[in-house]
Structure formats: structure tokens, C-alpha cells
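# Structural features, examined
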Amino acid sequence: MYQGRHKPVIFRTILDSNVNSGFVRTAKRTRCLAVITVLSVYPQFTLHAETQWVKARLGSFETISDSGRKSAIQGLSQFEQFRFALGSAMGVPDLRLDPPLRILVFRNAQDMASQGCAGFQTGRDRVMTCTTSEGQLPPVLVRELTRQLLETNFASLPGPMERAIETFFSTVQSNAVHVTWGTPPPASERTREWALLHRLITQPDYAGRAHIYLHNLASGMDSSGAIRSLSEDPANFNAEIDRYYAAGVFNSTQAPNRPLNPERDFNTTILTSDEGQLMRADMLTKGSAEIYQTLLKSGKHVAEAHEGLAVLAMRAGDAQQARIQMEAAREAGTHNVVALTSYGSLEKDPEQAITILKEALTLDPKYAPAHWALGEKISEAPRRMMEWKQAVALAPRNYDWWVQYAKLCIGQKQFAEAGRAWLSAAQSAPDVPRREQALTARGQIDQLRLDDEYELRRKEAAAKAAEINRLKAQARKEIADMEARVNTRPLSKDEADKIVDWDVVNGAPGTIAGTLVRVDCAGKQLTLNVKDTAGKIQRLLVSDPSHVEIKGGDGTFHCGVQKAIGVTIRYNTATDKKKTLLGEVTGIEYR
């Protein structure tokens, strides 16, 4: 590893050899000409001194630089100091990104612009960004870094407050040692929420408690509750913030910083030129394809080069080329879950796509986009719901996923799960209108459940009625078939012998005229004693007076001896063998 302090030794060694060879004649001229000679005759020394690929790693960041260890560490320090400041404000000092954010460090802004690198970009296998070894991080990049850290480490934050945090930290200035925050953004970006943050974070009387308010908000507490957690009255606190916002005096101050030791805290690795070029190509900029092709020709980093070419082809809409490159990467032993997920999503054949996406999840079971893409390829709704449930659990800030998952749950009649999904959608909504839409949908769940239960009961009742009607129709048909057989075929002797006359079972109808002389009562049953025209007493049974048709008289029977009155009685002849009764009364008429 060549650093600045070693260069004179290199030049001196080469200089001595040149002097002994007779290149120069005087000591003064020798030093000047030796440098020129080294640069012209041995250009590899210049290249080696200027191009030294180094990877530096600390926590959730890693930097790649072709300018040596110092450049890599300086670039990394800016990101680490910013992460520490944001974590201190949020009450979670150790904010994480997984996988670590890869940062390309360029010598200057011109070099960075020439590579087409700006802001955050999804690279070959992860999210990447770029910076320069000196100077401040651009506000746009800092805003996006804030968003990435918030989304990864906090389940939810109120939309206006989250945007205020992004705006506040977009003006943070950091270097390897110091961090400054509170510089006001353009007036159009200064919202009341931003002023509240500025008051809490920069003013000494609140600075030690700002993280309490923000952490409680991120945990789901409402604004009033978070204010009370500061031991403040919400009304008085809000009035104070209104005055602070209206005054418009916003000063910057020094932020918490993390003490960093360049020799101890950073894990640095010397990279080969091929490794450095691969990582630069992984930004997928305009020169990436050429670098990948060069690596393939040299037989180095084959799987990675094919992956990069495949992702470039997918972005260009060239499905055929993407398939060729990704199959070559798979054959070479790819371990790129990002590329495999994109490839599986692109695949038209569902079975093949499912195979590819399961391969991706084998590499990283916690990669949410792979679970979601796999669910999209599965046709069975219950299995799709299972995959999507894992996806939204791993990416709880994805509003669109929550909405689609909630609708799928409703389609599967999983109303309790749909209610939870709509509530999570409301918490992750990027703005107030979509939050209200999700809450409205959540409020309709109970009615949807009741409607579904009613429809289910209606269908069950209709099914039962249809079954009863089917059985009735079947019975009618069987009876009709039996009647038809009987009517078209004469009875055999045995069948004829088995026929029982109706009158034998129920008694033949008859009529008697005479005089009712007495009524014997035994509970509900009555026995009528009637003297017929021949003067003989006939006894008839009334088993239930309410079933007897009565004409004349007072419409009732009276127990005991009766005043002689003429009656005509209809009855069914008794079928008992003893013949103690003439029959059972069906009607009586008093004359």
C-alpha cells in the first residue's frame, strides 16, 4: 500500500539507479529529471500510486474508492456521522441498513458526474450511491438517506412529521469529525412540523428530550401523547411552537458526533483492479456494460458480470437477452437474490418463475420483494395470501402491498386479517387522503362480514329448500310409478287377499235418528245414549267434542240426564269386535 509519505522513498530509489546509469550529471538537475524520467519511462508507478482500490466498512455502510484508504475512510465518515446524528435525534443511535449501503467515492464532483452517478440507485445486487471524498453530501442524497434509514428502522411515522424529518436532516453538514444541524431549508419547505423539530432538536431546553418525542411518535403514539411524554401541556406546547414558527429565527448548532479512530474503527480491504471495476460497474451506469464484457473476456467474476448484463437488459426491456445472461449467471453459481427476483418477475411461465423465485428465497428468506413476486406467480389464492403475508411483514412501510393484501383477504373471506391489513395500510399511507381511504375501508369490514354471513345463511336455506323439493318430487314420482304399475297390471291372488277394505279400518259411515237421553262424561271423552225409533238405547262415542260438527242447540254437550230432545247423529261404525258402541260421532243435529 503506497501512501503519500512513502513516495519520496520510491523516487529516491529509482533516482539512485538512474544516476548510476548516467542519465544525469548534476545533483540539482538529477532530482528534477529523475521525476520526469520515472513518469515517462515507468508510467506504471504513477498509475499504481493514483489508482489503489480500497473497500472500507463500518456498520451499515461500505465505501469503494480507487484513491486509497484515506479517501475511502473520509467518504465513509460523512455517512457514519450523519447516521449517528439521525439516530441520536430519533432515540435509536444504532440505525441499521441491511444489506449495507455501498458507496462509491470519487476524487471530485466532475469524475462523479462523468460516471452518471447521482443519488441512490438500485445496483446489480443492492442499493448504491456515490459521493466525493471531500465536501458536503448533497441535500437530495441526504434526504434520500434519511428516508431509507427511517423506513428500515421504524414501522410508521405520521406522514407530515416524516417529511419534516427528511427536510430537517437534508441540511445537515458533516465531515469526519463534526456534524452541524439546524440550517434552515428554503422557505417553501419550512412547515410547522419542521419548526417543531427545529425547536426540539436545536434549543438547549428541549435538546435532551427531543428523542423522547420522536421515538414515541415512531412507536405509534399520537402527537398529544408524545408531547405529554415531555412533561408538557399539549395546548401550551403547541402555542409555543406557533410563536417559534412565526418568529422565523432559525439558527444552526452542533449535533452529536461519534468519535472515530481512522486506524481502529474502520475495516479496510485492498481490492484488486478487477474487484474495483466490478463494484464501479455495479452502479449500472453508462459504462457498466463495457466493464462487464471485459471481465467476461478475462474469465473473472463471471457470475457477477452476467448478472449485471442481465439487469441492464431487463431495464432496457430486452427479455431475451436478460434470459440468456441470467441463465448463464445461474450456471456460474449466482448468489444474487435481487437479480433472481427481477428475473423471476419477468418470466412468463408461472412454473419456471416459481422455481426461480424459490431459488432466490433460498439465498435470502427475508427478502420481501421475492415473497411478493412469488405470490403474484401463484394462482391459488390461499397460497398467494400466505406469501404476501410474509412480504408485508418484512416490508411494513409498503402502502400499496398492504392495500392489495387487504383486498385479497376480503376475497378469501378472511375479514379479521383484512381489518388488520387496512389498519397497517393506514399507518403506512404516504399522505392523509390515502390514510383516510384505508381507515374507511377498515370501517366497512364489519358490514362486509355481516353481509357475507347473511348471504351464506341464504344460500344454506336455499340449498335445504331445494333438497326438500327434490325429495318431494322423487316421492311423487315413485308413487305415480307405483300407481301406474298397479293400474296397468291385474292383482295376483295373494295381493288381492291382502287388500283391506277402507270401512274395515275406519268404519262405514252411518246415521241414527232418535232421542238423546243421557251424556256420560269421562274426561274429554263423552258417551251419548240415544233411544232409536225402535226404543233401543244406542251408545256412541265422542272422543273429542271439538271435532264434532254440531247444528242447533247451544253448540255444546252437557253431562248427565238430558231433557228429551230429538237428534240426528252421523257416525263412523265401530270397528271393535265387542261392538259395545255403535260408532264414533262425527256430527249431530238437534231437532
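See the structure above.
What this report covers is the structure whose coordinates are included nearby. (Residues numbered from 1 in each chain as written. Predicted model: local features only at pLDDT ≥ 70, side-chain atom pairs only at ≥ 80, totals over all residues. Heavy atoms only, no water.)

### So, the nonpolar core
What counts, and what does not: Grouping buried Ala, Val, Leu, Ile, Met, Phe, Trp, Tyr and Cys residues that are joined through side-chain atoms within 4.5 Å yields what is termed a nonpolar core. The rule is simple: take the accessible area with a 1.4 Å probe, protein chains only, and divide by the maximum for that residue type; under 20% is buried, over 50% is exposed, in between is partly exposed. Only DSSP runs of H or I reaching four residues or more are called helices, and only runs of E reaching two or more are called strands; each is numbered from the N terminus. Contacts: residue pairs with any heavy atoms within 4.5 Å of one another.
In this structure, Met90, Met161, Ile165, Phe169, Trp181 and Tyr213 are the most contacted members of the largest nonpolar core, which totals 56 residues. Sorting elements by how many residues they give to this core places helix H4 (residues 69-90) first, with 9 residues. Once you skip the residues sitting within four places of it in the chain, phenylalanine 169 turns out to touch Phe82, Ala85, Leu86, Ala89, Val142, Thr146 and Trp181. Counting 29 residues, the second-largest nonpolar core is a separate cluster that includes Tyr292, Ala305, Ala310 and Ala370.

### A look at the packing of aromatic side chains
What counts is decided by this rule: Working definition: rings of Phe, Tyr and Trp (its six-membered ring) pair if their centres are within 6.5 Å, and the pair is stacked with planes under 30 degrees apart, edge-to-face with planes over 60 apart, and tilted otherwise.
Across all of its chains, the model carries 11 aromatic pairs by this definition. Relative to phenylalanine 237, the ring of tyrosine 206 lies with its centre 5.8 Å away and its plane at 90 degrees, an arrangement referred to as edge-to-face. With a gap of 31 residues between them, tyrosine 206 in helix H9 (residues 204-207) and phenylalanine 237 in helix H12 (residues 234-247) connect regions that are remote in the sequence. Residue tyrosine 206 shares its accessibility class with phenylalanine 237, and that shared class is buried.

### Points about the sheet that holds strand E6 (residues 173-174)
Threshold: DSSP-based pairing: two strands are paired if at least 2 bridges between them are found. For every element, the axis is a line fit to its C-alpha atoms; helices are fit only across the contacting stretch, and the angle between N-to-C directions ranges from 0 to 180 degrees.
With antiparallel pairing, the 3 strands of this open sheet are ordered in space as E6-E7-E8. Both edges of this open sheet fall to E6 and strand E8 (253-254), since each of them pairs with a single strand only. Both strand E7 (residues 179-181) and E8 contribute to a ladder of 2 bridges, which runs antiparallel. Bridge pairing links tryptophan 181 to threonine 253 in E8. Against the sheet, H4 contacts E6 and E7, and its axis sits at roughly 50 degrees relative to E7.

### Here we look at the state of the cysteines
The bond known as a disulfide is covalent and runs between the sulfur atoms of two cysteines. For clarity, the cut-off: Throughout, a disulfide means two cysteine sulfur atoms within 2.5 Å of one another.
The tally for this structure, following the rule as stated, stands at 2 disulfides. Covalently, cysteine 117 is tied to cysteine 130 through a disulfide, its sulfur atoms 1.7 Å apart. Since a negative S-S torsion denotes a left-handed disulfide, the cysteine 117-cysteine 130 link at about -120 degrees is left-handed. Taken together, the residues span a long stretch of sequence, with cysteine 117 in the loop between helix H5 (109-114) and strand E4 (121-122) and cysteine 130 in strand E5 (residues 127-132) at a distance of 13 residues. Covalently, cysteine 521 is tied to cysteine 559 through a disulfide, its sulfur atoms 1.6 Å apart. Measuring the twist about the S-S bond at about -100 degrees, one finds the cysteine 521-cysteine 559 disulfide to be left-handed.

### Overview of helix H16 (residues 319-331)
For clarity, the cut-off: Expected span of a helix, by definition, is 1.5 Å for each gap between consecutive residues, and there is one gap fewer than residues. Directions from the helix axis toward the C-beta atoms define the arc.
Here H16 spans 18 Å end to end across 13 residues, near enough to the 18 Å set by a 1.5 Å rise per residue. Residues Ala322, Gln325, Met326 and Ala329 constitute the buried set of H16. Projected onto a plane normal to the axis of H16, the buried residues spread over an arc of 100 degrees and lie on a single side. Along H16, exposed side chains directed more than 90 degrees from the buried face belong to Gln320 and Glu331. Structurally, H16 contributes buried residues whose contacts are with helix H15 (302-315) and helix H17 (337-346). Following H16 by one or two positions, glycine 333 has its phi on the positive side, about 90 degrees.

### Focus on the packing of H4 against helix H6 (residues 139-153)
Cut-off, in case you're wondering: Oblique is the label for any angle not under 35 degrees, not over 145, and not in the 65 to 115 range, which are roughly parallel, roughly antiparallel and roughly perpendicular in turn. For a crossing to be left-handed, the near helix must be turned anticlockwise from the far one by less than a right angle; the clockwise case is right-handed. When residues are grouped by polarity, Ala, Val, Leu, Ile, Met, Phe, Trp, Tyr, Cys and Pro land in nonpolar, Asp, Glu, Lys and Arg in charged, and all others, Gly among them, in polar.
Closest axis-to-axis distance for the H4/H6 pair is 11 Å, and the angle between their directions is 55 degrees. Taken together, the axis directions place H4 and H6 in an arrangement best described as oblique. Between H4 and H6 lies a crossing of right-handed hand. Contact residues: Phe79, Phe82, Arg83, Leu86 and Met90 in H4; Leu141, Val142, Leu145, Thr146, Leu149 and Leu150 in H6. A per-class count over the contact of H4 with H6 returns 9 nonpolar, 1 polar and 1 charged.

### Quick look at the pairing of strand E11 (residues 525-532)
Burial analysis of E11 places 6 of its 8 residues in the buried class, which makes it a mostly covered element. With 8 bridges connecting them, strand E10 (residues 509-522) and E11 associate as antiparallel partners. When the sheet's bridge partners are listed, leucine 516 is paired in E11 with valine 530. Connecting the antiparallel pair E10 and E11 is a turn made up of 2 residues, with glycine 523 showing a positive phi of about 70 degrees. The pairing of E11 with strand E12 (residues 537-542) spans 6 bridges and is classified as antiparallel. Directly across from lysine 531, in E12, lies its bridge partner isoleucine 537.

### Some details on the sheet that holds strand E9 (residues 267-270)
In spatial order, the strands read E4-E5-E3-E2-E1-E9; together these 6 strands make up an open sheet with mixed pairing. Pairing within the sheet leaves two strands with one partner each, and these edge strands are E4 and E9. Examined bridge by bridge, strand E2 (residues 61-65) and strand E3 (residues 101-106) share 5 bridges and lie parallel to one another. Bridge pairing in E3 links serine 65 to valine 105. This element, H4, spans strand E1 (54-58), E2, E3, E5 and E9 of the sheet and lies at about 155 degrees to E2.

### Observations regarding the pattern of salt bridges
The test is simple: Here a salt bridge means any side-chain nitrogen of Lys or Arg lying within 4 Å of a carboxyl oxygen belonging to Asp or Glu.
Scanning all chains against the criterion turns up 38 salt bridges. Among the salt bridges present, the one from glutamate 189 reaches arginine 143, with a minimum N-O distance of 2.9 Å. Here glutamate 189, found in the loop between E7 and helix H8 (192-202), pairs with arginine 143, found in helix H6; they are 46 residues apart in sequence, far enough to count as distant. The partly exposed category is assigned to arginine 143, whose relative accessible area is 22%.

### Structural notes on unusual backbone geometry
The linkage connecting aspartate 98 with the following residue, proline 99, adopts the cis geometry, with an omega of 0 degrees. With phi around 60 degrees, leucine 284 is a residue other than glycine that occupies positive phi space. Assessed through its relative accessible area of 9%, leucine 284 is described here as buried. Residue histidine 301 is not a glycine yet carries a positive backbone phi of 50 degrees. Overall, histidine 301 belongs to the partly exposed group, its relative accessible area being 26%.

### Some thoughts on the side chain of asparagine 529
As for its position among the elements, asparagine 529 is in strand E11. Taking relative accessible area as the criterion, asparagine 529 reaches 3% and is therefore assigned buried. Apart from residues lying up to four places away in sequence, asparagine 529 is in contact with Thr515, Leu516, Val517, Arg518, Asp520, Ile537, Gln538 and Arg539.

### Points about the environment of proline 365
Examined against the element boundaries, proline 365 turns out to sit in the loop between helix H18 (350-363) and helix H19 (368-377). The exposed category is assigned to proline 365, whose relative accessible area is 53%. Taking the C-alpha atoms as reference points, proline 365 and glutamine 390, separated by 25 residues in sequence, lie 9.8 Å from one another. For proline 365, the contacting residues outside a window of four places in its chain are His371 and Leu394.

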